[in-house]
Amino acid sequence: MFVMELSYTAPVESVEEEMDAHIAWLDGYYASGVFLASGRKVPRDGGIILAGGVSRAEIEKIAAEDPFTLAGVCAYRITEFIAARTSADLAPVRENPAA
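Residues numbered from 1 in each chain as written. Predicted model: local features only at pLDDT ≥ 70, side-chain atom pairs only at ≥ 80, totals over all residues. Heavy atoms only, no water.

Draft legend 1. Representation of the overall build of the chain within the structure. Check the secondary structure of the chain and you find 4 helices and 4 strands. Here the C-alpha radius of gyration of the chain, 14 Å, is about what a compact globule of 99 residues would show, namely 13 Å. With 99 residues in all, the chain has 29% of them scored as buried. Across the chain, contacts joining residues at least 24 apart in sequence account for 64% of those joining residues at least 6 apart. When the accessible surface of the chain is summed, it comes to about 5900 Å², and 55% of that surface belongs to carbon and sulfur atoms. Seen as two clouds, the 8 positive and the 15 negative side-chain charges of the chain have centres 8 Å apart. (Helix = DSSP H or I, 4+ residues; strand = E, 2+ residues; numbered from the N terminus. Rg over C-alpha atoms; globule rule 2.2 N^0.38 Å. Buried < 20%, exposed > 50% of the residue type's maximum accessible area, 1.4 Å probe, protein only. Contact = heavy atoms within 4.5 Å. Areas by Shrake-Rupley, 256 points an atom, 1.4 Å probe, with all protein chains shown as cover. Lys, Arg positive; Asp, Glu negative; His and termini not counted. Charge placed at Lys NZ, Arg CZ, Asp CG, Glu CD.)

Listed below in structure tokens is the structure:
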């Protein structure tokens, strides 16, 4: 599983100009089952996306396709982790660490 942390590299006004395209991009990956949760950071200087079911290379490609990335208004920090424990609602994305 991945934590995708977005940090804005441009004023929020520039980010807002790309918001509709970014939301459409998010919707596509929610529909495919890759994205599990997302939202703005507080204070509003970026956002967080939880994602799973893909490889590191795939998640980096996905981040590169974000309209925010293409417009140069954000930078990503991607952290991979093993979701060994989850709530019951997230049980389908639990992972078993290699022994």
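Draft legend 2. Representation of the pattern of salt bridges in the model. With the rule as written, the count across this model stands at 7 salt bridges. With a shortest N-O distance of 2.8 Å, Glu 65 and Lys 61 are connected by a salt bridge. One end of the pair, Glu 65, and the other, Lys 61, are both in helix α3 (residues 56-65), 4 residues apart, so they sit about a helical turn from each other. Under the relative-accessibility criterion, Lys 61 is labelled exposed at 53%. (Salt bridge = Lys/Arg side-chain N within 4 Å of Asp/Glu carboxyl O.)

Draft legend 3. Local environment of the side chain of Lys 41. Looking at the secondary structure, you find Lys 41 in the loop between β2 (35-40) and β3 (46-51). Residue Lys 41 is classed as buried on the basis of its relative accessible area of 16%. One polar contact links Lys 41 to Glu 5, side chain to side chain, over a distance of 2.9 Å. (Polar contact = N/O pair within 3.5 Å; in protein donor to acceptor, adjacent residues only side chain to side chain.)

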